[in-house]
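# Chains, contacts and geometry: an overview
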Amino acid sequence: MKSKIMKIKILLLFVSTLLISCNTESHYHDGNYEGGISFINVTWEINGNEIMINNSVTGTSILNCKQFSDRIEYIEKDGTTKILYAQKNGDLKMSDYIIFHKLKPINKQTTN
């Protein structure tokens, strides 16, 4: 009987460890960003493994991404892999000319 209980405990420990390790979604850079060049205004909403890009010229796109501590990688609809590099101030840099500035979250006040 004790051996059976011990096997169940080990199995539960193994399953819980497996479930915890399967969470591949990172949230290093979650938030809202804005930027662009000249007449093109772009806003980004990053949440876990998803980026919603709102471009004033081409419209809204939702893409999958992978977040790392120093960068975000995503694949454009045409198959091109893009990398956004995290800056010390929280901004994301695509190139020397394209930097997306992280927006500060709006504090929501509750009314009584």
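Scroll up to find the structure.
This text gives an overview of the structure that appears in the document. All values derive from a computational prediction rather than experimental measurement.

### A closer look at the overall build of the protein chain
Within the protein chain, the secondary structure is distributed over one helix and eight strands. Counting helices and strands in the order they occur from the N terminus, the protein chain gives α-β-β-β-β-β-β-β-β. Going through the 112 residues of the protein chain one by one, you find that 20% of them count as buried. When contacts within the protein chain are restricted to residue pairs at least 6 apart in sequence, those whose partners lie at least 24 apart make up 28%. If you sum the accessible surface of the protein chain, you get close to 8900 Å²; carbon and sulfur atoms cover 57% of it.

### Observations concerning the pairing of strand S8 (residues 99–102)
Here strand S1 (residues 31–37) pairs with S8 via two bridges, running antiparallel. Counterpart to Tyr-33 in the pairing with S8 is Lys-102.

### Describing the pairing of strand S2 (residues 40–47)
Two strands pair when backbone bridges link them, and S1 and S2 are joined in this way by seven bridges, in the antiparallel orientation. Across the sheet, residue Asn-32 finds its bridge partner in S2, namely Glu-45. Counted along the chain from S1 to the antiparallel partner S2, the turn is two residues long, and its residue Ser-38 has a positive phi close to 35°. The turn joining S2 and strand S3 (residues 50–55), which pair antiparallel and follow one another in sequence, is formed by two residues; a positive phi near 65° is taken by Gly-48.

### Let's talk about the side chain of Gln-67
Among the secondary structure elements, Gln-67 is positioned in strand S4 (residues 59–67). Within polar-contact distance, the side chain of Gln-67 engages the backbone nitrogen of Tyr-28 at 3.0 Å. For Gln-67, the side chain forms a polar contact with the main-chain nitrogen of His-29, separated by 2.7 Å. Contact partners of Gln-67, with chain neighbours within four places excluded, come to Ser-26, His-27, Tyr-28, His-29, Asp-30, Ile-46, Asn-47, Gly-48 and Ile-72.

### Brief notes about the environment of Ile-83
By secondary structure assignment, the location of Ile-83 is in strand S6 (residues 81–86). Residue Ile-83 is classed as partly exposed on the basis of its relative accessible area, which comes to 27%. The sequence separation of Ile-83 and Ser-95 amounts to twelve residues, and the corresponding C-alpha distance is 9.3 Å. Not counting the four nearest positions on each side in its chain, Ile-83 is found in contact with Arg-71, Ile-72, Glu-73, Lys-93 and Met-94.

About the criteria used
- Residues numbered from 1 in each chain as written.
- Predicted model: local features only at pLDDT ≥ 70, side-chain atom pairs only at ≥ 80, totals over all residues.
- Heavy atoms only, no water.
- Helix = DSSP H or I, 4+ residues; strand = E, 2+ residues; numbered from the N terminus.
- Buried < 20%, exposed > 50% of the residue type's maximum accessible area, 1.4 Å probe, protein only.
- Contact = heavy atoms within 4.5 Å.
- Areas by Shrake-Rupley, 256 points an atom, 1.4 Å probe, with all protein chains shown as cover.
- Pairing = 2+ DSSP bridges.
- Polar contact = N/O pair within 3.5 Å; in protein donor to acceptor, adjacent residues only side chain to side chain.

Purely geometric stuff here, so don't read any function into it on its own.
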